[in-house]
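# Structural characterization, general
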Amino acid sequence: MLTLVACTTPPKQLPVEPKPATPPVTTTVPPTVPPTVPPTASAKLAPITNYTQAYKLSSYADLPGWGNDDLREAWPAFVNSCSALKNKAEWKEVCNTLKNVDAKDATSIRGFFEMNFSPYQVQHLDGATEGMVTGYYEPLLKGSRSKGGVFQTALYAVPNDLLTIDLGSVYPDLKNMRLRGRLVGNKVVPYASRAEILPFLAGKELVWVDDPIDAFFLQIQGSGRVQLNDTGETVRVAYADQNGHPYKSIGRYLVDKGELTLDQASAQGIKGWIAKNPSRQEELLNANPSVVFFKEEKLLDPSIGPKGALGVPLVPQRSIAIDPTQLPLGAPVFLSTTMPLSSNPLQRLMMAQDTGGAIRGAVRADFFWGFGREPGELAGRMKQRGAMWLLLPKAFEIKNN
């Protein structure tokens, strides 16, 4: 059978999450203690009214740590969101008033949000207010334009025979769903899985990198940079498409096999397991049938992050990936969670600027840590519980069910 895949970015998440069990129990988040996800500039923004069943009107006093957050750090991300949202009716008024705000004055920015936005606590359909918060980042790989020496693993462009069918154009109920496959005779069949795909990719090599594990994890992050050994330049490789197979967590595969415990199944733990079991590397990687294809972009300004699903650059520690069927892409979201492997509060205003195939559910976020080794360490270890508040323009009326 062909697989339906949301037309969003790739997984972008910690390699494993706990298996869904019974519905989560509704919890109350104390006001001062935190609870213990293809990029395109033309991304379609669903009307806010589609999501009202997941919102509960709150006040800024309900947002733990709201008064302590330095909103000057969030402002550039909000400006980025407005560059994509400013022509939408529900955002036009607030985005047009940005020029009246002093970007260097945290009090001015706080007043802007409190005057123009109402906070709504995001909740699951059963009323639960906590969910999973994972992390992702932009890695740096070492590579070459040509195969040779240590550079034996290719990053691939989209194959010529990959078909993408937009089902929403025919069936409105399937909006944001695409069917991917290839044509055999007069039939569309599923595209090759990871274990089968190499023969289909000849000639589509973008660059060659020195580590197959880093290449695999790059597909989970969705974008990254490659420092080219032969030319000395650094290029960005951005998500272009994927083979249509659903993402499967290799961390979950190892947990189910009894090879790792849930706590050990971080990116770091998985790499450690592969180092001890090199003969099983292919078995493990093929447990995830999804393959991501890339496109090359010039890295004009290394300080600017990759583009997310909203089509604007992500801002480190101020952009998150969300489920666009539950939250409006581009909106401000106040996040209350904890630092990776810690009980230290992580409470700040974020912008919902990205999506991911594994980011599903209303109270679900993937925290963008930024570029490089340290953000990668934090992202790989992040698997926290958290609560979220959506900030919507006051002019927009929300009806609670």
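Residues numbered from 1 in each chain as written. Predicted model: local features only at pLDDT ≥ 70, side-chain atom pairs only at ≥ 80, totals over all residues. Heavy atoms only, no water.

Let us now look at the overall build of the chain. Along its length, the chain carries eight helices and 18 strands. A buried classification covers 53% of the 401 residues belonging to the chain. For the chain, the computed accessible surface area is about 18,100 Å², with 52% contributed by carbon and sulfur atoms. (Helix = DSSP H or I, 4+ residues; strand = E, 2+ residues; numbered from the N terminus. Buried < 20%, exposed > 50% of the residue type's maximum accessible area, 1.4 Å probe, protein only. Areas by Shrake-Rupley, 256 points an atom, 1.4 Å probe, with all protein chains shown as cover.)

Attention shifts here to a nonpolar patch on the surface. A grouping of L163, I165, L183 and V188 is seen on the molecular surface, where their side chains present a nonpolar patch of about 290 Å² in accessible area. The partly exposed category is assigned to V188, whose relative accessible area is 32%. (Patch = residues over 30% accessible without salt bridge, like charges linked within 9 Å, V, L, I, M, F, W, Y side chains within 5 Å. Salt bridge = Lys/Arg side-chain N within 4 Å of Asp/Glu carboxyl O.)

Among all residues save glycine, negative phi is the norm, and among peptide bonds the norm is trans. Phi at Q317 takes a positive value of approximately 65 degrees, unusual for a residue other than glycine. Inspection of the secondary structure assignment puts Q317 in the loop between β13 (292–298) and β14 (319–321). With relative accessibility at 29%, the residue Q317 sits in the partly exposed group. The phi dihedral of L341 falls on the positive side, at around 50 degrees, and the residue is not glycine.

Moving on, we come to the pairing of strand β18 (residues 383–393). The element β18 is largely enclosed, with a buried count of nine among its eleven residues. One ladder, built from five bridges, connects strand β3 (residues 117–122) with β18; its direction is antiparallel. Each residue of the ladder has a partner; that of Y120, found in β18, is L390. Two strands pair when backbone bridges link them, and strand β4 (residues 131–138) and β18 are joined in this way by four bridges, in the antiparallel orientation. Across the sheet, V133 pairs through a bridge with Q384, a residue of β18. (Pairing = 2+ DSSP bridges.)

Right, let's get into the pairing of strand β6 (residues 153–156). By the alternation rule, side chains of β6 split into T153 and L155 and A154 and Y156, which are all buried. The sheet contact formed by β6 and strand β10 (residues 205–209) spans four bridges and is antiparallel. Bridge pairing in β10 links L155 to V207.

Moving on: the side chain of R194. Following the sequence through the fold, R194 ends up in the loop between β9 (187–189) and β10. Buried and without a salt bridge, R194 has E282 as its closest oppositely charged side chain, separated by 10.0 Å. What R194 contacts, discounting residues up to four positions off in sequence, is F216, Q219, N243, L285, N286, N288, P289, S290 and V291. (Lys, Arg positive; Asp, Glu negative; His and termini not counted. Contact = heavy atoms within 4.5 Å.)

Turning next to the packing of aromatic side chains. One pass over the structure, following the stated rule, counts 18 aromatic pairs. Aromatic pair F113 and F117: ring centres 5.4 Å apart, planes at 45 degrees, arrangement tilted. An identical accessibility class is assigned to F113 and F117; each is buried. Each member of the aromatic cluster is reached from another via a ring pair, and the members are W75, F78, W91, F112, F113 and F117. (Phe/Tyr/Trp six-rings, centres within 6.5 Å; stacked < 30°, edge-to-face > 60°.)

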